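# Remarks on the overall topology
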Amino acid sequence: MAPTVAIIGAGFGGLCMAIQLQRAGITSYTVFEKAGGVGGTWRDNTYPGAACDVPSSLYSYSFEARRDWTRRYPPQGEILAYLEECATRYGVRPHLRLNTEVTSAAYDEAAGRWRVTTSAGDEGLFDVVVSGVGQLNRPRLPDIPGMSSFGGTAFHSARWDHEHDLSGRRVAVIGNGSSAAQIIPRVALAAAHLDVYQRTPNWVVPKRNEMYGRGLRLAFRHLPLLQAADRERLYRFVETLVFPVLVGGWSKGLVTKRALGHLRQHVEDPELRAKLTPGYPIGCKRIVIDSDFYPALTRPDVDLVTDPITRIVPGGVETAGGTVREADTIVYATGFQTTDFLAPVEITGREGRGLHETWKDGAEAYLGVAVPHFPNLFLLYGPNTNLGHNSIILMIEAQVRYIMGCLPLLSARGPMEVHPATMDAWRRALDRAMARTVWEASCQSWYKNAAGRVTNNWPASTSTYRRIMRSPRPGAYTYG
Ligand code: N01
């Protein structure tokens with residue numbers, strides 16, 4: 001009999017898992033989704049300018065390549081519509097439990113199954129649990145004194161208040177990461193004045209976001225091989241040019257030069273340019289890919305503020321030295337809680353072990369997918385599987401293929417649990433690879449936890465990951 005599967009989350013990962021089960025004829029699964037619709041991060045992030053900074057050819061499932069993107073870098077609405085279509089086309093919808101948050105999953109050793117409890121107060125038993133909650137699903141508000149005293153309107157970038165009209169307002173955007181870089185040019189157009197609060201400058205490279213003309217769209221639609229070739233070409237390009245940047249390879253100088261050239265081209269004022277020049281190696285934080293960010297900062301109605309924020313006051317933002325800059329609106333583009341994977345779901349494995357307690361020194365998983373003492377629990381986009389350079393969908397698809405390969409094993413041999421010795425060997429290999437990368441030593445980023453351990457990123461090429469994820473090695477697991 002096919003195993004019963006609980007999937008947590010209906011974003012790119014959870015949907016991919018559901019679709020592959022469906023395609024394999026396994027319909028004994030439920031997708032629990034805390035929100036009212038599918039799409040995950042592409043449903044949550046609706047801020048003005050929200051778009052993907054990964055080329056569209058690489059941003060759909062390989063088995064369902066979308067052929068009518070309107071431009072090279074697709075806007076949020078198109079990606080969300082694509083995911084909604086996929087859920088319908090592959091028959092996932094009857095398996096969706098929307099507005100239902102999984103609050104806990106506990107492994108019942110006697111039954112060899114997972115007891116899944118939801119916010120609706122019900123419980124169900126499943127053979128397998130697959131987490132598709134991802135790494136960027138919980139907004140992180142900063143801890144700045146006085147935030148609650150603010151008299152205007154404030155919200156996080158991933159919870160955009162579309163009722164709030166920015167026209168005629170003084171707006172403060174706190175943060176300058178990938179989200180802020182997309183938001184700032186749009187807000188600058190709408191607001192009366194914009195202050196951008198930058199704590200650390202980012203490396204920025206231009207984004208050639210051409211529209212796909214009718215001819216090219218028709219060609220992609222009717223000549224799938226053409227689009228497949230485009231996908232392959234882009235894949236090879238990022239693997240050979242961008243990945244080496246992250247490990248100090250041949251292209252690091254080239255990409256650094258490109259970023260500095262982009263800054264010089266758009267920012268003439270030497271003082272502003274100096275403020276925007278990063279003091280850490282490129283790639284240590286995620287590289288911002290955007291062509292509109294620098295030009296927006298040179299507008300007369302936009303100021304870049306680099307004095308540290310000391311507190312929020314009812315009328316605005318106070319910086320070191322006591323200067324208060326007035327604001328009607330504050331946008332916290334301050335990122336996500338990225339290192340407490342799977343929080344706040346309470347996951348309990350064998351012998352009452354809590355997952356979060358197990359991960360108190362940093363989340364880790366064999367291949368990013370399996371954790372010792374947690375049989376038949378599989379993670380999508382789990383620890384050490386984020387990329388600094390390529391499409392995360394490639395990683396998710398590799399993980400789903402791998403988990404699909406585990407299903408016959410666990411059906412035949414009983415609940416499968418990665419061997420602690422396998423996990424130890426995996427950790428050592430990861431540590432060796434991580435030591436070559438730019439991430440650990442050179443800067444602060446969302447890739448690492450409070451102790452400085454890089455818990456989020458995959459330290460080798462995407463091709464390497466896809467190769468080792470082709471199929472599970474039965475000897476890596478114990479059964480029963
Ligand atoms: O968040 P971030 P994001 N005071 O964590 C600043 C993906 N993404 O939402 O660098 C002042 O990168 C913080 O400053 P610092 C992508 O993977 C993808 O922008 O810590 N500032 C930083 O500038 C991305 O990496 C797309 O010094 C404070 C900013 O807030 C990830 O999402 C598009 C502060 C946070 O930047 C997250 O991006 C958008 C404080 N107290 C995002 N606290 C695609 O197109 C934080 N900051 C695929």
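Each residue is numbered by its place in its chain's sequence as written, counting from 1. Only residues with pLDDT of 70 or above have their local features reported here, since the model is predicted, and side-chain atom pairs are shown and tallied only from 80 upward, although totals for entire chains, interfaces and linings are computed over all residues.

A few words now on the overall build of the protein chain. Within the protein chain one finds 14 helices and 21 strands. Based on C-alpha atoms, the radius of gyration is set beside the globule rule, defined as 2.2 Å times the residue count to the power 0.38. Taking 2.2 N^0.38 as the reference for a compact globule, 480 residues should give roughly 23 Å; the C-alpha atoms of the protein chain span a radius of gyration of 23 Å, in line with that estimate. For the protein chain, with 480 residues in total, the buried portion stands at 43%. By the convention adopted here, residues are in contact when the distance between their C-beta atoms, placed from the backbone, does not exceed 7 Å. Once local pairs closer than 6 in sequence are excluded, the contacts in the protein chain between residues at least 24 apart make up 72%. Strands here mean DSSP runs of E at least two residues long; helices mean DSSP runs of H or I at least four residues long; both are numbered from the N terminus. Exposure criterion: with C-beta atoms placed from backbone coordinates, a residue whose C-beta has 20 or more other C-beta atoms within 10 Å is buried, one with 12 or fewer is exposed, and one in between is partly exposed.

With that out of the way, let us pick up the site of the ligand. The criterion for a residue being near a molecule or strand is simple: its C-beta atom, placed using the backbone, must lie within 6 Å of it. Close contacts around the ligand come from 25 residues, with Pro 142, Gly 175, Gly 177, Arg 199 and Gly 335 the closest. Sorting elements by how many residues they give to the shell around the ligand places helix 4 (residues 178–190) first, with three residues. For the shell around the ligand, a count of residues per class yields 12 nonpolar, 10 polar and three charged. Boundaries of every domain are those given by an automatic assignment or by a domain database. Taken together, domain 1 (5–138 + 337–479) and domain 2 (147–210 + 217–332) each give at least three residues to the shell around the ligand, which thus spans both. Residues are sorted three ways: Asp, Glu, Lys and Arg are charged, Ala, Val, Leu, Ile, Met, Phe, Trp, Tyr, Cys and Pro are nonpolar, and all the rest, Gly among them, are polar.

This brings us to the sheet that holds strand 18 (residues 346–348). Each pair of strands is called paired provided DSSP finds at least two bridges between the two strands. Across the sheet, which stays open at both edges, the four strands sit in the order 6-5-4-18 with mixed pairing between neighbours. At either end of the open sheet lies a strand with only one pairing partner, and these are strand 6 (123–126) and strand 18. On average, each strand axis in the sheet is inclined to that of its neighbour by 15°, with strand direction left out of account. Bridging between strand 5 (residues 113–118) and strand 6 involves four bridges; their strand directions are antiparallel. When the sheet's bridge partners are listed, Val 116 is paired in strand 6 with Gly 124. An axis is simply a line fitted to the C-alpha atoms; with a helix, the fit covers only the stretch in contact. Between two such axes, the angle follows the N-to-C directions and lies from 0 to 180 degrees.

The geometry of helix 1 (residues 12–23) relative to helix 3 (residues 76–89) is characterised by a closest axis approach of 10 Å and an angle of 20° between their N-to-C directions. The angle between the axes of helix 1 and helix 3 places the two elements in the roughly parallel class. Here the hand of the crossing between helix 1 and helix 3 comes out left-handed. Contact residues: helix 1 offers Phe 12, Leu 15 and Ile 19, while helix 3 offers Leu 83, Cys 86 and Ala 87. Taken together, the residues that form the contact of helix 1 with helix 3 break down as six nonpolar, no polar and no charged. Oblique is the label for any angle not under 35 degrees, not over 145, and not in the 65 to 115 range, which are roughly parallel, roughly antiparallel and roughly perpendicular in turn. We call a crossing left-handed when the near helix sits turned anticlockwise from the far one by less than a right angle, and right-handed when that turn is clockwise.

What follows concerns the sheet that holds strand 17 (residues 329–332). The parallel open sheet is built from five strands, whose spatial order is 8-17-9-10-13. On the outer flanks of this sheet lie strand 8 (153–156) and strand 13 (302–305), each paired with one strand and no other. Strand-to-strand twist in this sheet, taken as the mean axis angle between neighbours without regard to direction, amounts to 15°. Direction of pairing for strand 9 (residues 170–174) relative to strand 10 (residues 193–197): parallel, over a ladder of five bridges. Paired with Val 173 across the bridge in strand 10 is Val 196.

Moving on: the environment of Phe 220. Mapped onto the fold, Phe 220 is located in helix 5 (residues 214–222). By the C-beta count within 10 Å, which is 21 here, Phe 220 ends up buried. Sequence-distant contacts of Phe 220, defined by excluding residues within four places in its chain, comprise Arg 67, Leu 226 and Gln 227.

Bringing the pairing of strand 1 (residues 5–8) into the picture now. Side chains Val 5 and Ile 7 of strand 1 all project onto a buried face; the interleaved residues Ala 6 and Ile 8 project onto the opposite face, where all are buried too. Of the strand pairs in this sheet, strand 1 and strand 7 (residues 128–131) are connected by four bridges, and their pairing is parallel. The partner of Ile 7 across the bridge, within strand 7, is Val 130. Here strand 1 runs beside strand 2 (residues 29–32); their pairing, made up of four bridges, is parallel. Bridge pairing links Ile 8 to Phe 32 in strand 2.

So, on to the nonpolar core. Any nonpolar core is a set of buried residues, restricted to Ala, Val, Leu, Ile, Met, Phe, Trp, Tyr and Cys, that join up through C-beta atoms within 7 Å. With 126 residues, the main nonpolar core has Ile 7, Leu 15, Leu 83, Val 173 and Ile 184 as its most contacted residues. Examining the composition of this core, we find that 11 residues originate from one element, helix 11 (residues 392–413), more than from any other. Looking at which domains feed residues into this core, each of domain 1 (5–138 + 337–479) and domain 2 (147–210 + 217–332) gives three or more. If near-sequence neighbours (up to four positions away) are discounted, Ile 184 is found in contact with Val 173, Leu 194, Val 196, Phe 293 and Ala 296.

Here the focus is the domain arrangement of the protein chain. Taken domain by domain, the protein chain holds domain 1 (5–138 + 337–479) and domain 2 (147–210 + 217–332). Taken residue by residue, the interface counts 31 residues in domain 1 and 38 residues in domain 2. When contributions to the side of domain 1 that touches domain 2 are tallied by element, the ones reaching two or more residues are helix 13 (439–442) and helix 14 (462–468). Broken down by class, the residue content of the side of domain 1 that touches domain 2 amounts to 11 nonpolar, 13 polar and seven charged.

When you tally the buried positions in strand 9, you get four out of five residues, the bulk of the element. Viewed along the sheet, the connection from strand 9 through helix 4 into strand 10 turns out right-handed. Two strands pair when backbone bridges link them, and strand 9 and strand 17 are joined in this way by four bridges, in the parallel orientation. Following the sheet pairing, Ala 172 is matched in strand 17 by Ile 330. When the strands point away from the viewer, a crossover counts as right-handed if the route from the first strand across the helix to the second turns clockwise.

Tracing the backbone through its elements, the reader meets Met 416 in strand 20 (residues 416–418). By C-beta crowding, Met 416 is classed as buried, having 25 other C-beta atoms within 10 Å.

For a helix, the expected span equals 1.5 Å multiplied by the number of residues minus one. With 14 residues, helix 3 extends 20 Å from end C-alpha to end C-alpha; this agrees with the ideal 20 Å at 1.5 Å per step. Among the residues of helix 3, Gln 76, Ile 79, Leu 80, Tyr 82, Leu 83, Cys 86 and Ala 87 are the ones counted as buried. For helix 3, the angular spread of the buried residues around the axis is 155°, confining them to a single face. Exposed residues pointing more than 90 degrees away from the buried face of helix 3 are listed as Glu 85, Thr 88 and Arg 89. Summarising the contacts, the buried residues of helix 3 are in contact with helix 1 and helix 2 (41–44). In the segment just after helix 3, Gly 91 is the residue with positive phi, at about 75°. To obtain the arc, one takes the directions from the helix axis to the C-beta atoms.

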